[in-house]
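Chain residues, written in single-letter form:
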Amino acid sequence: MQLTTSQIAASSIPTDCLIIGILEDGGLSGAAAEIDNVSDGALSRLADSADLPKKAGQTLMLHGLPGVAAKRVLVVNFGKAEKLDGPAFVRGVQAAGKALRQSPAKSAHCLLDCIDVKNCDHAWRVRQAGIALTHADYIYTATKTPKAHDAPATETVSFADADGVANQLKLAEAIAAGVQRCRDLADAPPNICNPAYLAETARQMAAEHDGLSVEILDEAQMTELGMNALLAVGVGSENPSYLVRLSWRGGKDGEAPLAMVGKGITFDTGGISLKPRELMEQMKFDMGGAAATIGTMEAIARLKLPMNVDGVVAAVENMPDGKAYRPGDVITAMNGKTIEVHNTDAEGRMVLADALYWTGQNVKPAKMVDIATLTGACVVALGAHASGIMTQDDELADELLTAGLQSADRGWRLPLWDEYQAQIETPFADMKNLGGMPAGSITAGCFLSRFTDGQRWAHIDIAGSAWNWGKAESASGRPVGLLVEWLVSNAGGWNAIAG
Ligand code: BES
Ligand code: MN
Ligand code: ZN
């Protein structure tokens, strides 16, 4: 989808679809009132007859409105004015995008940026509307035969031209491309998207963008470095493991980068601690942290972010096999610490242990975050609406929570208190890879903390947020929005980015 600007008055734009917003309690406002005026009260008559959508998220497609050049007018309800914050606005735009996707409209003009949103200025509304419309337009097609009656994708969406709007739309396109990359990777089937595929994707991206470079470690190199925790998970698979590092150098020479480390389990069978058959196919998304890392690198390369950023991905497949690692094994990680394996399905923390330590030693980041579909317990605790954020660094926690609010891609903090560390003690090694039933997400975080060696670090569990659960299942593209926002705010904010 292309995002453009238009200087023509809304009612005269020859578009396939005009998108306007209404509120649950306030009748018609802003752009909607204007369209009502030119169409001789068509909208107020519909409101009087209670035909306009009444609840947040409901939409109505109108055809042939008098006085309006557009073929259709899409009316979206944004709910109560007093509840209209950033996330509520994005939900409304997503509802509009969904209705647009189901219609034959190939072009649209968006007037949703006129709506007042709590604590969100016009530049924010334009950017977020652009991103949300682009996401909502996405339907998985990569391995599917298209049907003749499938509605076409919307090719262009215009916004009213005003100061800075074109620039915000450029930013939106860059972020949307990163989100798209993340979704494409996480939706891809595991027989296609294996560890080598993740490495190849990174290699291609580095070839496409000046300032982006790639380093790929194979199993021989990782063996040399003693990355036995990561390697142990991969030995049961025919697909070799890789550690992939993408480096963006938009900042000063020698400036310590910010780093992201993504869990890239391209398929998680559980290994010898085999998962039950139900929903195992969903474990193709267990590389969602890697997908978000790669997607965020794509976005910041397109944004030409004026800072240094590294994205590291542990690309491994977890399979049962005669050579596979087993419960009871004691494995020495790259940092010399020993891990007793209690469950081969707790593999994410194994690969991240070495990936985090390697990143600390080699990237020497100012701050690092890891992103992982790490625990079912996080789905139980937070569902899909928030990513779980764990860190002992209060300042970093605040940065990430704020970035989540700002990007309508929210996180919520869980405590990483020392008290929880006792749950991963064992008589047979420095730690075990299982913390038991209580606080399963936190004890996973405790495990990771032992490989961070004094770094400023936070762990983001996206087991719930990385997936759009429910009917139209697909990867959500999260938390690319949160991560981009976090990086941009560290680079001086949106005003510091040229677009
Ligand atoms: N990839 C899973 C976590 C997961 C489960 C994500 C369900 C999304 C939905 C992870 O590797 C895993 O299997 N975790 C185990 C850990 C346990 C063995 C300590 C879990 O959550 O059950
Ligand atoms: Mn697992
Ligand atoms: Zn897993």
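Numbers given for residues are sequential positions, taken from 1 along each chain in its written order. Chain labels run from A onward and ligand labels from 1 onward, assigned in the order the entries are written. In view of the model being predicted, local features appear only for residues whose pLDDT reaches at least 70, and side-chain atom pairs are presented and counted only at 80 or more, with totals across whole chains, interfaces and linings using the full set of residues. Just so you know, side-chain values use all the structure's heavy atoms and leave hydrogens and water out.

Details of the coordination of the zinc ion (ligand 3)
The donor definition counts N, O and S atoms within 2.8 Å of each metal and applies 3.2 Å to Na, K and Ca; water is not among these atoms, so some sites may look incomplete. Surrounding the zinc ion (ligand 3) are the protein donor atoms K263 (NZ), D268 (OD), D286 (OD) and E347 (OE), which sit 2.0 to 2.4 Å from the metal. In this scheme the shape depends on donor count and angles: four donors with every angle between 85 and 135 degrees give tetrahedral, four or six donors with opposite pairs above 155 degrees and others between 65 and 115 give square planar or octahedral in turn, and any other case is irregular. One way to put it: the 6 donor atoms around the zinc ion (ligand 3) meet at angles of 78 to 176 degrees, and that makes the site octahedral. Donor residues for the zinc ion (ligand 3) sit on one chain with the sequence pattern K-x4-D-x17-D-x60-E. Metal-to-metal, the separation of the zinc ion (ligand 3) and the manganese ion (ligand 2) is 3.1 Å; D268 coordinates the two. Linking K263 in strand 9 (residues 258-268) with E347 in the loop between strand 12 (338-340) and helix 10 (348-362), this pair joins segments that are 84 residues apart in sequence. Numbering of helices and strands starts at the N terminus; helices are DSSP runs of H or I of at least 4 residues and strands are runs of E of at least 2.

What to know about the coordination of the manganese ion (ligand 2)
Here the manganese ion (ligand 2) is held by the protein donor atoms D268 (OD), D345 (O), D345 (OD) and E347 (OE), which lie 2.0 to 2.2 Å from it. If you look at the manganese ion (ligand 2), its 6 donor atoms make angles of 71 to 168 degrees with each other, and the shape they trace is irregular. Along the chain, the residues that donate to the manganese ion (ligand 2) are spaced as D-x76-D-x1-E. Only protein chains enter the area calculation, which uses a 1.4 Å probe; residues under 20% of their type maximum are buried, those over 50% are exposed, and those in between are partly exposed. Note on D345: relative accessible area 22%, which makes it partly exposed.

Some points on the packing of helix 6 (residues 195-208) against helix 9 (residues 288-303)
Between the N-to-C directions of two axes lies an angle of 0 to 180 degrees, each axis being a line fitted to C-alpha atoms and, for a helix, fitted only over the stretch in contact. With their axes 11 Å apart at the nearest point, helix 6 and helix 9 run at an angle of 5 degrees to one another. It follows from the interaxial angle that helix 6 and helix 9 lie roughly parallel. Here helix 6 contributes L198, T201 and M205 to the contact with helix 9, which in turn contributes A290, I294, M297 and E298. Residue polarity is assigned by list, with Asp, Glu, Lys and Arg as charged and Ala, Val, Leu, Ile, Met, Phe, Trp, Tyr, Cys and Pro as nonpolar; anything else, Gly included, falls into the polar class. Tallied by class, the residues present in the contact of helix 6 with helix 9 amount to 5 nonpolar, 1 polar and 1 charged. Geometric relationships in this document are graded by angle, where less than 35 degrees denotes roughly parallel, more than 145 denotes roughly antiparallel, 65 to 115 denotes roughly perpendicular, and other angles denote oblique. By the convention used here, residues are in contact when the closest approach between their heavy atoms is within 4.5 Å.

So, helix 10
Given a rise of 1.5 Å per residue, 15 residues ought to cover 21 Å, and the 21 Å separating the end C-alpha atoms of helix 10 matches this to within 8%. Downstream of helix 10 by a residue or two, K364 has a phi angle that is positive, lying close to 45 degrees. What a helix should span is 1.5 Å times the count of its residues minus one.

Some words on the state of the cysteines
Criterion for a disulfide: a pair of cysteine sulfur atoms at a distance within 2.5 Å. Counted under the stated rule, the structure contains 0 disulfides. For the unlinked cysteine C120, the closest cysteine sulfur is that of C110, found at 15 Å. A disulfide-free cysteine, C378 has its sulfur positioned 14 Å from the sulfur of C446, the nearest such atom. Residue classification places C378 among the buried residues on the basis of a relative accessible area of 0%.

Details of the site of ligand 1
Whether a residue is near a molecule or strand depends on its heavy atoms: it is near if one of them lies within 4 Å of it. Close to ligand 1 lie 16 residues, the nearest being K275, D286, D345, E347 and G376. At 2.9 Å from an oxygen atom of ligand 1 is found a side-chain nitrogen or oxygen belonging to E347. Expressed as a share of its isolated accessible area of 520 Å², the protein-covered part of ligand 1 is 79%. Looking at the shell around ligand 1 residue by residue, the class counts come to 5 nonpolar, 4 polar and 7 charged. The definition of a polar contact used here is a pair of N or O atoms within 3.5 Å, where within protein one atom must be able to donate a hydrogen and the other to accept one, and adjacent residues in sequence count solely through side-chain atom pairs. Using the Shrake-Rupley algorithm and a 1.4 Å probe, accessible areas are obtained, with residue cover drawn only from the displayed protein chains.

Some words on the sheet that holds strand 1 (residues 2-6)
Reading across the sheet, the 6 strands line up as 1-6-5-2-4-3 and stay open at both edges, with mixed pairing between neighbours. With partners counted over all chains shown, the strands left at the sheet margins are strand 1 and strand 3 (59-63), one partner each. Ignoring strand direction, the axes of neighbouring strands in this sheet form an average angle of 30 degrees. The pairing of strand 2 (residues 18-22) with strand 4 (residues 72-77) spans 5 bridges and is classified as parallel. When the sheet's bridge partners are listed, I22 is paired in strand 4 with N77. Across the sheet, helix 3 (residues 86-102) is in contact with strand 2, strand 3, strand 4 and strand 5 (107-110); its angle to strand 4 comes to roughly 145 degrees. Here, a strand pair is defined by DSSP locating no fewer than two bridges between the strands.

Quick look at the side chain of E347
When its relative accessible area of 0% is taken as the criterion, E347 is described as buried. Once residues lying within four places of it in the same chain are set aside, the contact partners of E347 are V233, K263, I265, D268, D286, N318 and Y325.

Some points on the packing of aromatic side chains
Two aromatic rings, drawn from Phe, Tyr or Trp (for Trp, its six-membered ring), form a pair once their centres lie within 6.5 Å of each other, and the interplanar angle then sorts them: stacked below 30 degrees, edge-to-face above 60, tilted otherwise. Evaluation of the coordinates by the stated rule reveals 6 aromatic pairs. A centroid spacing of 6.5 Å and a plane angle of 80 degrees characterise the contact between F285 and W469, whose relative ring orientation is edge-to-face. Of this pair, F285 sits in the loop between strand 9 and helix 9 while W469 sits in the loop between strand 18 (467-468) and strand 19 (474-475), placing them 184 residues apart in sequence. With relative accessibility at 3%, the residue F285 sits in the buried group. Seen in terms of ring centroids, F447 and F451 are 5.4 Å apart; in terms of plane orientation they differ by 40 degrees. Their pairing is tilted. We classify F447 as buried; its relative accessible area is 0%. Taken together, the ring pairs connect F78, F89 and W124 into an aromatic cluster. In this structure, R127 is placed above the aromatic ring of W494, and the distance from its NZ or CZ to the ring centre is 4.0 Å. Any Lys NZ or Arg CZ that is within 6 Å of a ring centre and within 35 degrees of that ring's normal is treated as a charge sitting over the ring.

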